[in-house]
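Report on the structure
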There are 2 protein chains.
Amino acid sequence: MAGQNEQGNGAVNFLRDAIPRPQAGSASPCAACPVRDLSFCNALSDAELEHLNRVSSDVFLATGQSLFDEGAPADHVFNVTSGAMKIYKLLSDGRRQITGFLFPGDFLGLSTRDAYAYSAEAVCSTQLCRFNRQKLEHLLRDFPKVERRLLGIANDELALAQEQMLILGRKTAKEKIASFLLMLSRRAKKSGSQSNPIALPITRTDMADFLGLTTETVSRTITQLKSSGMITLLPGNEVRLENLETLEEMAEGE
Amino acid sequence: MAGQNEQGNGAVNFLRDAIPRPQAGSASPCAACPVRDLSFCNALSDAELEHLNRVSSDVFLATGQSLFDEGAPADHVFNVTSGAMKIYKLLSDGRRQITGFLFPGDFLGLSTRDAYAYSAEAVCSTQLCRFNRQKLEHLLRDFPKVERRLLGIANDELALAQEQMLILGRKTAKEKIASFLLMLSRRAKKSGSQSNPIALPITRTDMADFLGLTTETVSRTITQLKSSGMITLLPGNEVRLENLETLEEMAEGE
DNA sequence: GCTTGTCTTTGATATGTATCAAAGATGGTG
DNA sequence: CACCATCTTTGATACATATCAAAGACAAGC
């Protein structure tokens, strides 16, 4: 399994790697957070954020480092503040399905069960906010508008999950790659990043595990898109989408 | 497209087919509802349910009748009270991915957007509760515990969506069918119905569209499971699972 | 600058499922 | 009871993608 750290199982050592916040100071770290507007925190005012700050700490992960494994006790929830994460499920023979890539502002780890439903791992150097689950649940009772915000986020994720089921279940390899590139572009645009060219720090293997393909098929398909002038691969893991409208038609199977 | 009614587009005529509840009476229809314990309504007491009763009406659908189409204005949300629904997304060339089968107690139609993210259609004769979306949102503000219940439901659905992505993206046809039958059995058990044999009112085509296969592949695979003694097809659209443990190993690819 | 590990690409072949076609089964309606 | 539409099953063939193998590219470390 990729991403082993010294403990041998890739899991974060919560007693060491999570850094509690300084509680005093002129500006709350939550209020000053660069992704505050992108996540559930934006339901709270600066003053209210102080409550949130009290139940959060920072986690730093290196590339490939595990945040949690499927089945581990779901004691914390997380918000990505920088970098990127992948979440995935495994079959007993090692087959892996990546079920999402998470970027700054994304929330993960919420569960109604006692255990995490999936594993999470850093795609690159990543920083997250970590919240004790029980304390956060208490906070939600005090601030129902945050719970409402989380319900909205969950419903948006459900809609995206259904789009991904359509991709996985019905699209060809080329339609899948086109859809994936467009999704990254839309995602970057929505969060205020550059949407063309797009950053593509994701390996061909990870793309394959997300799209239900193999590494070779992803590579062949990207080469075809390159050869036909639809995309240009740039240094530094970036991809320029040369004709958005045609790519959208391609993604939709037209 | 299957399931056209007289209006030619399969959509429910809301001004005629939805029947408002009688507002007076000794027992609230919501309090008397057979699926009350299975759905979000169980967060409310009998007295509190009266508020819910005031914002709900009944919808009756025949087999194949559409509830709503993807992109239609999302003015209502629904709860299945009897029968079964399927929700799906379409590509422009007619390719269809069924993203869920819904049974009594299931909730559908909630969206943060102005339009439905998917289409919904009756698998068989089906009855649903219908709630005006804005009125329900007001009710959620008055009863945050219902919102909390909905958040829990959404998170459960997200976990199921990820399991389905693993199935769609990584499993073989036989693993898919085995997983599907087991899912129906678990679902029946959880809602107090008979879990073996299971009822299977779903056509091979609908199974195929849910599992990312074709009708013929589903049929061939079911025949293989039959021939190998894993299942027995019974009259009345029922299937007996002959060896749950072996079927679970098969579903998991062991 | 060289080595090494990892990732990507390309080539050749295999295969699971799709596609096309046709026959059989089933249930509803007249 | 017969007919018809729909669904299911089976057979034959095609093909998109997987699998296996090998070569090339790239980045990090010494």
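A brief look at the structure comes next. Since the model is a prediction, treat every value here as computed from it, not as a measurement. Per chain, residues are indexed from 1 in the order of the written sequence. Chain A is the first chain written and ligand 1 is the first ligand written, with later ones labelled in order. Totals for whole chains, interfaces and linings use all residues, but because this is a predicted model, local features are given only for residues with pLDDT of at least 70 and pairs of side-chain atoms are given and counted only at 80 or more. Here the side-chain values reflect all heavy atoms present in the structure, with hydrogen atoms and water set aside.

1. Considerations on the relation of the copies chain B and chain A
Definition in use: The copies are overlaid by a least-squares fit using only the C-alpha atoms of residues whose pLDDT is at least 70 in both copies. When checking whether two residues touch, look at their non-hydrogen atoms; a contact exists if any pair is within 4.5 Å.
The operation relating chain B to chain A is a screw motion whose rotation component is 180 degrees, with 0.0 Å of axial translation and a residual RMSD of 0.0 Å. With respect to symmetry, the two chain copies, as superposed, fit the operation of a two-fold axis. Measuring from the rotation axis to each C-alpha of chain B, the shortest distance belongs to Leu151(B), at 2.6 Å. A shared binding surface is used by both copies, with 100% of the interface residues of chain B retained as interface residues in chain A.

2. Regarding a negative patch on the surface
Residues and elements named next belong to chain A. Selection rule: Each patch is built from salt-bridge-free residues with over 30% relative accessible area, joining like charges within 9 Å and nonpolar side chains (Val, Leu, Ile, Met, Phe, Trp, Tyr) within 5 Å. Method for areas: the Shrake-Rupley scheme with a 1.4 Å probe, in which residue coverage is limited to the protein chains shown. By definition, a salt bridge exists where a carboxyl oxygen of Asp or Glu is found within 4 Å of a side-chain nitrogen of Lys or Arg. Two residue types count as positive, namely Lys and Arg, and two as negative, namely Asp and Glu; His and chain ends fall outside the count. Think of each charge as sitting on NZ of Lys, CZ of Arg, CG of Asp or CD of Glu. Secondary structure elements are taken from DSSP: a helix is a run of H or I of four residues or more, a strand is a run of E of two residues or more, and numbering for both begins at the N terminus. The buried label goes to any residue with under 20% of its type's maximum accessible area, the exposed label to any with over 50%, and the partly exposed label to all in between, with areas taken from a 1.4 Å probe on protein chains only.
Negative charge collects at one region of the surface, where Glu 245, Glu 248, Glu 249 and Glu 254 lie side by side. Following the sequence through the fold, Glu 249 ends up in helix H9 (residues 244-251). A residue is classified by how much of its surface remains accessible, and Glu 249, at 36% relative accessible area, is partly exposed.

3. Here's the deal with the environment of Leu247(A)
Residue and element names in this part refer to chain A. The topology assignment puts Leu 247 in helix H9. For the pair Leu 247 and Ile 231, spaced 16 residues apart in the sequence, the C-alpha separation amounts to 9.1 Å. In this structure, Leu 247 is in contact with Ala 178, Leu 182, Met 230 and Leu 241, ignoring residues within four places of it in sequence.

4. Here we look at unusual backbone geometry
Residues and elements named next belong to chain A. The step from Asn 196 to Pro 197 runs through a cis peptide bond, and the omega angle for that step is 0 degrees. For Pro 197, the position within the fold is in the loop between helix H6 (173-190) and strand S10 (198-199). Unusually for a residue other than glycine, Asn 237 sits at a positive phi of about 55 degrees. As for its placement among the helices and strands, Asn 237 is situated in the loop between strand S11 (231-234) and strand S12 (238-241).

5. Overview of the protein's contact with DNA strand C
Which entries qualify depends on this criterion: Note on definitions. A residue lies near a molecule or strand when any single heavy atom of the residue is within 4 Å of it. Think of a polar contact as two N or O atoms within 3.5 Å of one another; within protein, one of them needs to be a possible hydrogen donor and the other a possible acceptor, and neighboring residues in sequence only count if both atoms come from side chains. When residues are sorted by character, Ala, Val, Leu, Ile, Met, Phe, Trp, Tyr, Cys and Pro go into the nonpolar class, Asp, Glu, Lys and Arg into the charged class, and all the rest, Gly among them, into the polar class.
Taken together, 14 residues form the shell around DNA strand C, and within it Ser219(A), Arg220(A), Ala173(B), Thr214(B) and Thr217(B) come nearest. Between a phosphate oxygen of DNA strand C and a side-chain N or O atom of Arg204(A), the distance comes to 3.0 Å. Taking Glu216(B), its side chain carries an N or O atom lying 3.4 Å from a base nitrogen of DNA strand C. The element best represented in the surface near DNA strand C is helix H8 (residues 215-227) of chain A, accounting for 4 residues. Residue composition of the surface near DNA strand C, grouped by class: 2 nonpolar, 7 polar and 5 charged.

6. Description of the protein's contact with DNA strand D
Around DNA strand D lies a shell of 14 residues, among which Ala173(A), Thr214(A), Thr217(A), Ser219(B) and Arg220(B) are the nearest. For DNA strand D, the backbone makes up 61% of the atoms found within 4 Å of the protein, where backbone means sugar plus phosphate. Within the side chain of Glu216(A), a nitrogen or oxygen atom sits 3.5 Å from a base nitrogen of DNA strand D. Between DNA strand D and the protein, one listed contact pairs a phosphate oxygen with a side-chain N or O atom of Thr223(B) at 3.0 Å. Residue assignment for the surface near DNA strand D shows that the elements contributing at least two residues are H8 of chain A together with helix H8 (215-227) of chain B. Of all the elements, H8(B) adds the most residues to the surface near DNA strand D, at 4 residues. When its residues are assigned to classes, the surface near DNA strand D shows 2 nonpolar, 7 polar and 5 charged.

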